[in-house]
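Listed below, chain by chain, are the residues.
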Amino acid sequence: MDEEFYRMKRLPPYVIAEVNGMRAAARQAGRDIIDLGMGNPDLPPPQHVIDKLCEVALKPDAHGYSASKGIPGIRKAQANYYARRFGVELDPETEVVMTMGSKEGLASLATAITAPGDVVLAPNPSYPIHTFGFIIAGATIRSVPTTPDEHYFESLERAMAFTVPRPSILIVNYPSNPTAETVDLAFYQRLVAWAKENKVWILSDLAYSELYYDGNPTPSILQVAGAKDVAVEFTSMSKTFSMAGWRVGFAVGNPRLIAALTRVKSYLDYGAFTPIQAAACAALNGPQDIVEMNRTLYQKRRDVLVESFGRAGWDIPSPNASMFAWAPLPPALKDMGSLEFSKQLLTHAEVAVAPGVGYGEDGEGYVRIALVENEQRLRQAARNVRRYLQKMGVNASAP
């Protein structure tokens, strides 16, 4: 009875939880921690969306079980979004399913299509569910790089040539969490051709589709002709509409994969609360000014972060998209490692960041910084970091 459960043994310690625990303890002790660790939006959803939630919640018949795959209106609204944004036609009945955020959708699809021992290609570093969802389902993970260059495709070819059994699923995530890297349509065209040639399913996580900067919209893999033959794509309303706690996401694309996900979900849940689904419809179908407003706000925060931390003595590459910066440790402190550096930053600068190693071994040497505090707080974080770096003997430029 003392032996650990089988699936628990397959899960490594959740490194990020260690820093989260320290942050919670520091806050409980009354310290003012500037939390740039978790990608938790600090803004409210649009008022008309909240109004719709309240309106539908007041209806006596709105409180029963809902539709597991999403009410017809929400699936049609998501299909309309893809038509508007990407020029992609989707059948709301067979090619769209609502999920409890993209995270649950990925995990449920992993349960639906993975057999024990299957090999899944996942980026390293990557968002934890991209690997753990499949590990929990019994798969084996083979890592491929996150950076979408020629080396990426060489790694895919090597994986197909030397892995037994041959990989059957590839996870892609652009804009990437945690690295914020992006791709163009040509990358997806090459990837779809490769997947068809090698009989591999592609699961694309496009959670940050609308948080792109400098006027460069992010593409969808489904814009590639024939992509629906091999791919499904996950999106989320968490960041786009500041609705993270509402848990509204979607999977769209290949009808066979969507049918498998829909069937598994029908055993696991009864869908999101109907008023939430109705309010999500209002968000997708209504005024889209919040999308542009959020994009502008996060871009301004990005610029403040890069500029103020740079003056503090920590050079951070400017991300093209997402709500994260992927920051290499200051060279003088690189030997400390990302976990220890994150702990020190929390203890001595009262700034919480996420250690890169929590996203895979190739994340070592980096931390992920979330743009979830206002510009004033970001500048305060930079001042705190500057003092810490000076204390550690790292030269910082004049404020």
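Residues numbered from 1 in each chain as written. Predicted model: local features only at pLDDT ≥ 70, side-chain atom pairs only at ≥ 80, totals over all residues. Heavy atoms only, no water.

Here the bond from asparagine 124 into proline 125 is cis, since omega is 5 degrees, no more than 30 degrees from zero. With respect to the element layout, proline 125 can be found in the loop between β3 (119–124) and α6 (129–136). Looking along the chain, the bond that leaves asparagine 177 and enters proline 178 is cis, with omega of 25 degrees. Its location among the elements puts proline 178 in the loop between β5 (169–172) and α8 (185–198). The phi torsion at aspartate 214 lies on the positive side, around 60 degrees, for a residue other than glycine. With respect to the helices and strands, aspartate 214 occurs in the loop between β6 (201–205) and β7 (231–236). (Helix = DSSP H or I, 4+ residues; strand = E, 2+ residues; numbered from the N terminus.)

All right, on to the sheet that holds β3 then. Reading across from one edge, β2-β8-β7-β6-β5-β3-β4 is the order of the seven strands in this open sheet, with mixed pairing throughout. Since the sheet does not close on itself, it has two edges, and those belong to β2 (96–99) and β4 (140–145), each with one partner. The mean inter-strand angle of the sheet, taken between neighbouring strand axes irrespective of direction, is 20 degrees. With six bridges connecting them, β3 and β4 associate as parallel partners. Of the residues in β4, the one forming a bridge with valine 119 is threonine 140. In the packing of helix α9 (residues 255–268) onto the sheet, the strands contacted are β2, β6, β7 and β8 (249–253), and the crossing angle to β2 comes to about 40 degrees. (Pairing = 2+ DSSP bridges. Axes fitted to C-alpha atoms, helices over the stretch in contact; angles between N-to-C directions. Contact = heavy atoms within 4.5 Å.)

Time to look at the packing of aromatic side chains. Tallied over the full model, the rule gives 15 aromatic pairs. For the ring pair tyrosine 152 and phenylalanine 187, a centre distance of 5.4 Å and an interplane angle of 50 degrees mean the geometry is tilted. Highlighted residues: tyrosine 152 in helix α7 (residues 150–162) and phenylalanine 187 in helix α8, separated in sequence by 35 residues. No difference in accessibility class separates tyrosine 152 from phenylalanine 187, as the two residues are buried. Each ring, one from phenylalanine 341 and one from tyrosine 388, has its centre 6.4 Å from the other, and the planes form 55 degrees; the classification is tilted. With a gap of 47 residues between them, phenylalanine 341 in helix α12 (residues 338–349) and tyrosine 388 in helix α13 (residues 375–391) connect regions that are remote in the sequence. According to the relative accessible area criterion, phenylalanine 341 is buried, its value standing at 0%. Three or more aromatic residues joined by ring pairs make a cluster, and in this case those are Tyr152, Phe153, Tyr174, Phe187 and Tyr188. (Phe/Tyr/Trp six-rings, centres within 6.5 Å; stacked < 30°, edge-to-face > 60°. Buried < 20%, exposed > 50% of the residue type's maximum accessible area, 1.4 Å probe, protein only.)

Once that is clear, we can look at the layout of surface pockets. Of the voids in this model, the largest pocket is the one considered here, and its volume is about 550 Å³. Along its surface, the largest pocket is lined by 26 residues, and Met38, Gly39, Lys103, Tyr127 and Lys239 are the ones closest to its centre. Elements with a minimum of two residues in the lining of the largest pocket: α2 (15–28) and α5 (101–113). Ranked by the residues each element gives to the lining of the largest pocket, the list is headed by α2, at three residues. Among the residues forming the lining of the largest pocket, the class breakdown is 10 nonpolar, 10 polar and six charged. (1 Å grid on protein atoms, 1.4 Å probe; cavity = no way out; pocket = protein on both sides within 12 Å on 5 of 7 lines; lining within 4 Å. Points joined across faces, edges and corners; volume = space filled by probe spheres on them. Nonpolar A, V, L, I, M, F, W, Y, C, P; charged D, E, K, R; others polar.)

Below, the discussion takes up the pattern of salt bridges. If you walk through the whole model with that rule in mind, you get 20 salt bridges. Across the pair glutamate 55 and lysine 52 runs a salt bridge whose closest N-O atoms are separated by 3.4 Å. One end of the pair, glutamate 55, and the other, lysine 52, are both in helix α3 (residues 47–57), three residues apart, so they sit about a helical turn from each other. Here lysine 52 falls in the partly exposed class, since its relative accessible area comes to 26%. (Salt bridge = Lys/Arg side-chain N within 4 Å of Asp/Glu carboxyl O.)

Turning our eyes to something else, we now look at the sheet that holds strand β11 (residues 354–355). Strand order in the open sheet made by the three strands is β9-β12-β11, with antiparallel pairing throughout. Each end of this open sheet is capped by a strand with a single partner; those strands are β9 (324–328) and β11. Note: β11 against strand β12 (residues 366–370), two bridges, orientation antiparallel. Bridging from a neighbouring strand, proline 355 pairs with valine 367 of β12.

For α9, with 14 residues, the first-to-last C-alpha span of 20 Å sits near the 20 Å given by 1.5 Å per residue. Residues of α9 that are buried make contact with β2, α5, β6, β7 and β8. (Expected span 1.5 Å × (residues − 1).)

Another aspect to go through is the pairing of β8. Regular strands have side chains that alternate between both faces of the sheet. Summarising burial for β8: five of the five residues are buried, a large majority. Here β8 shows a buried face lined by Gly249, Ala251 and Gly253 and a second buried face lined by Phe250 and Val252. Direction of pairing for β2 relative to β8: antiparallel, over a ladder of four bridges. Note that in β8 the partner of methionine 98 across the bridge is phenylalanine 250. Bridge count between β7 and β8: five bridges; the pairing is antiparallel. By the bridge assignment for β8, phenylalanine 234 is matched with alanine 251.

What follows covers the state of the cysteines. According to the stated counting rule, one finds zero disulfides in the structure shown. For cysteine 54, which is in no disulfide, the shortest distance to another cysteine sulfur is to cysteine 281 and amounts to 16 Å. Among the residues examined, cysteine 54 registers a relative accessible area of 43% and is labelled partly exposed. Cysteine 281 sits in the buried class, given a relative accessible area of 13%. (Disulfide = S-S within 2.5 Å.)

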